[in-house]
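Remarks on the overall topology
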Amino acid sequence: MQHTVLTGDRPTGPLHLGHYFGSLANRVRLQDRFPMYVLVADYQVITDRDLPGEIQRNITELLLDYLAVGLDPAKVTIFQHSAVPELNQLMLPFLSLVTVSELSRNPTVKDEIAHSSQKAVSGLMFTYPVHQAADILFCKGTLVPVGKDQLPHLEVTRTIARRFNERYGRVFPVPEAMLGERPLLQGLDGGKMSKSRGNAIALSATEDETAALIRKARTDSERLITYDEENRPQVANLLMIASLCLGRPPAELAAEIGYGGAAALKRLTTDAVNDFLRPIRKRRNEHGEAEVREILAEGNRRARERAVVTLDEVRVAMGF
Ligand code: ATP
Ligand code: MG
């Protein structure tokens, strides 16, 4: 089957291991097979905070992370929300296709509200899954490599595509999510590893920073290391991180550590992460700001070209 792949990230901070095993690894694999769009979701930064913050710097860092993991701008269109007004215009008809109660039931929106730095919930936070439908459908995306937190959002996109087609005739495909090897990697505090929750191992962290982060992770006082997600979640999470980086089963690593306790577990995890990230970190240093600006200018141009066509099609289908 021929797919169009669409996915993206908010420029809210450095990408981390959760992104890698949730989505980035799939993107790198898929870029050789299908047309792919990668969105820098800059407008979505203000869903859960008052100001965009160091947005230009965060966008540059995000692009460097992409290049570091091996996304190839010759194959992938990398673009920004704010540079493609036609995409954002799709949001208006899409908003008419969902009900307020459907939006308020979304579990990911609830979770993000709980972690938001804002006292009150903005309309943008509430309608963010509809914005995402516009992101995916503007290029008629059919395959969306994402982490597990995005599944409820993708359901909203699917509903919108179906309802649009029912009301106005078939314009949109109904896209599917593609989950990564680890669809919900936990951070060093036991919650979802997130850029904005201070619990992440950034792809771009130094080896010393990585060691310090892992040293601080909570474990337990049991000397025998075992892989038990239910009863020893913190130990299991470190084993999982090491396992993903080494490509070996977590229980096997636990058996190897045996009675070495938390210190040996942390040493093994730190080495696994640093070995795994070394080539990625090296590649990151081979790119610079000017290159990133050019990649975005070209990606924005290509995405806009695509969005104009879809928006026209939507207007015609709706009879405007
Ligand atoms: P923020 O805290 O600012 O929301 P984030 O870490 O949640 O940042 P996003 O930009 O919201 O990152 O998510 C980008 C993509 O990465 C999404 O597809 C999301 O599902 C995936 N992703 C994010 N965190 C994880 C994780 N811990 N495990 C697996 N996938 C993840
Ligand atoms: Mg997020």
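Given the structure is predicted, the values throughout are model-derived calculations rather than measurements.

Calculation criteria
Residues numbered from 1 in each chain as written. Chains lettered and ligands numbered in written order. Predicted model: local features only at pLDDT ≥ 70, side-chain atom pairs only at ≥ 80, totals over all residues. Heavy atoms only, no water. Helix = DSSP H or I, 4+ residues; strand = E, 2+ residues; numbered from the N terminus. Polar contact = N/O pair within 3.5 Å; in protein donor to acceptor, adjacent residues only side chain to side chain. Contact = heavy atoms within 4.5 Å. Near = heavy atom within 4 Å. Areas by Shrake-Rupley, 256 points an atom, 1.4 Å probe, with all protein chains shown as cover. Nonpolar A, V, L, I, M, F, W, Y, C, P; charged D, E, K, R; others polar. Buried < 20%, exposed > 50% of the residue type's maximum accessible area, 1.4 Å probe, protein only. Phe/Tyr/Trp six-rings, centres within 6.5 Å; stacked < 30°, edge-to-face > 60°. Expected span 1.5 Å × (residues − 1). Bend = angle between axes of the 7 residues up to and from the residue. Domains from an automatic or database assignment. Buried area = accessible area lost by both parts, 1.4 Å probe. Salt bridge = Lys/Arg side-chain N within 4 Å of Asp/Glu carboxyl O.

Looking now at the side chain of Ser-194. Secondary-structure assignment places Ser-194 in the loop between strand E5 (176–179) and helix H9 (207–216). A distance of 2.9 Å separates the side chain of Ser-194 from the side chain of Lys-192, its partner in a polar contact. Ignoring sequence-local partners within four residues, the contact set of Ser-194 consists of His-16, Asn-199 and Ala-200.

Thr-12, Asp-149, Lys-192, Lys-195 and Ser-196 are the nearest of the 21 residues found near ligand 1. At 2.7 Å, a side-chain N or O of Thr-12 approaches an oxygen atom of ligand 1. At 2.9 Å from a nitrogen atom of ligand 1 is found a main-chain nitrogen or oxygen belonging to Met-193. Taking 600 Å² as the accessible area of ligand 1 by itself, protein coverage stands at 97%. At the level of elements, strand E1 (5–9) and helix H1 (17–30) are the ones that each hand at least two residues to the shell around ligand 1. Sorting elements by how many residues they give to the shell around ligand 1 places H1 first, with three residues. Split into classes, the residues belonging to the shell around ligand 1 amount to five nonpolar, ten polar and six charged.

For Ala-41, the position within the fold is in the loop between strand E2 (36–40) and helix H2 (55–69). With a relative accessible area of 3%, Ala-41 lands in the buried category. C-alpha of Ala-41 to C-alpha of Gly-53: the two residues are twelve residues apart in sequence and 14 Å apart in space.

For the rest of this paragraph, the subject is the packing of aromatic side chains. Applying the stated criterion across every chain yields a total of ten aromatic pairs. Aromatic pair Tyr-37 and Phe-138: ring centres 5.5 Å apart, planes at 75°, arrangement edge-to-face. One end of the pair, Tyr-37, is in strand E2; the other, Phe-138, is in the loop between helix H7 (123–137) and strand E4 (143–146), and 101 residues separate them in sequence. For the residue pair Tyr-37 and Phe-138, the accessibility class agrees, reading buried in each case. Centre to centre, the rings of Phe-94 and Phe-164 are 6.4 Å apart; their planes meet at 75°, and the pair counts as edge-to-face. Placement of the pair is Phe-94 in helix H4 (residues 91–95) and Phe-164 in helix H8 (residues 151–168), with a sequence separation of 70 residues. What links up through ring pairs into an aromatic cluster is the set Phe-94, Phe-164, Tyr-168 and Phe-172.

Attention now goes to H7. Residues spaced three or four apart along an α-helix point in a common direction, a consequence of the helix completing one turn every 3.6 residues. For H7, spanning 15 residues, the distance from its first C-alpha to its last is 21 Å, which sits close to the expected 21 Å at 1.5 Å a residue. Of all the bends in H7, the greatest, near 45°, is centred on Pro-129. For H7, a buried count of twelve out of 15 residues is recorded, marking the element as mostly surrounded by other parts of the structure. The set of residues buried in H7 consists of Met-125, Thr-127, Tyr-128, Pro-129, Val-130, His-131, Gln-132, Ala-133, Ala-134, Asp-135, Ile-136 and Leu-137.

Domain boundaries in the protein chain define domain 1 (5–182 + 289–318) and domain 2 (207–283). When each unit is reduced to the centre of its C-alpha atoms, the spacing between domain 1 and domain 2 is 32 Å. Domain 1 puts nine residues into the contact, and the matching count from domain 2 is ten residues. A combined buried area of about 810 Å² lies between domain 1 and domain 2, and 73% of that area is made up of carbon and sulfur atoms. Our count for the contact surface shared by domain 1 and domain 2 stands at one salt bridge. Across the domain 1-domain 2 interface, the total number found is two residue pairs in polar contact (both at pLDDT 80 or more). Going through the elements one at a time, H1 and H2 are the ones with two or more residues in the side of domain 1 that touches domain 2.

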